[in-house]
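What follows is each chain in one-letter form.
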Amino acid sequence: MDSTTRANRAAWETAAQKHVREYAELLAEARTGGSLTAVEHALLDPLLAGRPAVVHLQSGHGLDDVDLVRGGARTVIGIDYSTMATGAARRRAVELGFPCHYVVSALPGAPLAAGSADLVYTGKGALIWMPDIDAWARDAARLLRPGGHLFVFEGHPAVPLWTADADRPRIRPDRSYFGSSHVNDSFPANGAVEWQWTLGRIVTALIDAGLLIRHLGEHPEPFWRMGGVTAAAWDGRLPNTFSLLASRP
């Protein structure tokens, strides 16, 4: 790993301690489901009906994995560079009896064979940790079998511009939509670097990797709301998430 990725991984190991401290609560959430959003279900349910083998890039706490299996996935392999997060997710899957398995690895560069997946799933804060969006797109395409799908549900690239003001949305003066990266000063371990990829850059990377774009949607609802904050940027007038479905010919 390069020095920035190592620092980000260390920050995530610190942040993922939450998954251990709140293990009982997350286990209860996994039992009841509901991690996948309505937007995700609308696009994923027809794919999950085919009992796909799923690879989840940057699997985090693993609650999405349980929902993917509940929706029909035959197996889910989650890949994340946090040993803390993957360990807690693995323990939950074992307790619940779900066929979810976990690999610790930095991405891009998933240590799985080409054509391992019918469906590659990712998002909800994943792409901002990718230092090379083109390598990520090639890696996702490599994992897919012919006819397989990549599904992304992610924070909109414009979100770093929005302030958390409650009266009306404003644009942060220290951010640019076309900026390449910025330091996340609110992350549990200060100094974590996030990369900023425009929507056009993400789509083009997938096209260059040989995938066909089947769907691209933009949505006003954020996938995560900071506790204690009621931001005007969430009131339905601005894009806060996007959904993307692509396929490998």
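The rules behind these values
Residues numbered from 1 in each chain as written. Predicted model: local features only at pLDDT ≥ 70, side-chain atom pairs only at ≥ 80, totals over all residues. Heavy atoms only, no water. Salt bridge = Lys/Arg side-chain N within 4 Å of Asp/Glu carboxyl O. Helix = DSSP H or I, 4+ residues; strand = E, 2+ residues; numbered from the N terminus. Core = buried A, V, L, I, M, F, W, Y, C linked by side-chain atoms within 4.5 Å. Buried < 20%, exposed > 50% of the residue type's maximum accessible area, 1.4 Å probe, protein only. Contact = heavy atoms within 4.5 Å. Axes fitted to C-alpha atoms, helices over the stretch in contact; angles between N-to-C directions. Parallel < 35°, antiparallel > 145°, perpendicular 65-115°, else oblique. Left-handed = near helix turned anticlockwise from the far one by under 90°. Nonpolar A, V, L, I, M, F, W, Y, C, P; charged D, E, K, R; others polar. Expected span 1.5 Å × (residues − 1). Polar contact = N/O pair within 3.5 Å; in protein donor to acceptor, adjacent residues only side chain to side chain. Pairing = 2+ DSSP bridges. Arc of directions from axis to C-beta.

## Some details on the pattern of salt bridges
Item 1. Counted by the stated rule, this structure contains 13 salt bridges.
Item 2. With its nearest N and O atoms 3.0 Å apart, the salt bridge here joins Lys-124 to Asp-64. Here the residue Lys-124 occupies a position in the loop between strand E4 (117–123) and helix H7 (133–143), and Asp-64 occupies one in helix H5 (residues 63–71), the gap between them amounting to 60 residues.
Item 3. Each member of the salt-bridge network shares a partner with another, and the members are Glu-40, Asp-64 and Lys-124.

## Thoughts on the nonpolar core
Item 1. Residues Leu-57, Trp-136 and Leu-150 are the most contacted members of the largest nonpolar core, which totals 31 residues.
Item 2. Counting only elements with at least two residues in this core, the list comes to strand E1 (53–57), E4, H7, strand E5 (144–155), strand E7 (192–195), helix H8 (199–208) and strand E9 (241–247).
Item 3. When residues in this core are grouped by element, the largest group, six residues, is from H7.
Item 4. Every residue in contact with Leu-57, bar those within four places of it in the chain, is listed here: Ile-79, Leu-107, Ala-110, Val-120, Tyr-121, Thr-122, Trp-136, Ala-140 and Leu-143.
Item 5. Membership of the second largest hydrophobic core comes to 26 residues, among which are Ala-30, Val-66, Val-76 and Phe-151.

## Focus on the packing of H7 against H8
Item 1. The contact between H7 and H8 brings their axes to 8 Å, and the two run at 45 degrees. Of the possible angle classes, the one that applies to H7 and H8 is oblique. The handedness of the crossing between H7 and H8 is right-handed. From H7, Ile-133, Asp-134, Trp-136 and Ala-137 reach across to H8, where they touch Arg-201, Ile-202, Ala-205 and Leu-206.
Item 2. Among the residues forming the contact of H7 with H8, the class breakdown is six nonpolar, no polar and two charged.

## Some remarks on helix H1 (residues 3–15)
Since there are 3.6 residues in each turn of an α-helix, residues three or four apart along the chain are aligned in direction.
Item 1. For H1, built from 13 residues, the straight-helix expectation of 18 Å at 1.5 Å per residue is met to within 8% by its first-to-last C-alpha distance of 18 Å.
Item 2. Among the residues making up H1, those that are buried are Thr-5, Asn-8, Ala-11, Glu-13 and Ala-15.
Item 3. If you follow the buried residues of H1, they end up packed against helix H2 (17–21), helix H6 (83–96) and E7.
Item 4. The N-capping residue of H1, defined by a side-chain oxygen 3.0 Å from the backbone nitrogen of Thr-4, is Asp-2.

## A short note on the sheet that holds strand E8 (residues 212–219)
Item 1. Strand order in this open sheet of seven strands is E3-E2-E1-E4-E5-E9-E8, and the pairing throughout is mixed. For this open sheet the edge positions go to strand E3 (100–104) and E8, each flanked by a neighbour on one side alone. Neighbour to neighbour, the strand axes of the sheet diverge by 15 degrees on average, direction disregarded.
Item 2. Set on the sheet, H7 makes contact with E1, E4 and E5; between it and E5 the angle comes to about 135 degrees.
Item 3. Packed on one face of the sheet, H8 meets E5, E8 and E9 and runs near 165 degrees to E8.

## Here we look at the pairing of E9
Item 1. Counting buried positions along E9 yields seven of seven residues, so the element is predominantly enclosed.
Item 2. Taking every second residue as pointing to the same face, both faces of E9 are buried, with Thr-241, Ser-243, Leu-245 and Ser-247 on one and Phe-242, Leu-244 and Ala-246 on the other.
Item 3. One ladder, built from seven bridges, connects E5 with E9; its direction is antiparallel. If you follow Leu-150 over to E9, its bridge partner there is Ala-246.
Item 4. Direction of pairing for E8 relative to E9: antiparallel, over a ladder of seven bridges. Residue pairing in the sheet places Leu-212 in a bridge with Ser-247 of E9.

## Points about the side chain of Asp-139
Item 1. You can see Asp-139 is positioned in helix H7.
Item 2. Look past the residues within four positions of Asp-139 in its chain and what remains in contact with it is Leu-107, Pro-108, Gly-109 and Ala-110.

## Description of helix H3 (residues 23–32)
Item 1. Buried residues of H3: Tyr-23, Leu-26, Leu-27 and Ala-30, and no others. For H3, the buried positions fall inside an angular range of 105 degrees around the axis, keeping them on one side. Of the residues in H3, the exposed ones pointing more than 90 degrees away from the buried face are Ala-24, Arg-31 and Thr-32.
Item 2. In the core, the buried residues of H3 are packed alongside H2, H5 and H6.
Item 3. With its phi angle positive at about 80 degrees, Gly-33 sits one or two positions after the end of H3.

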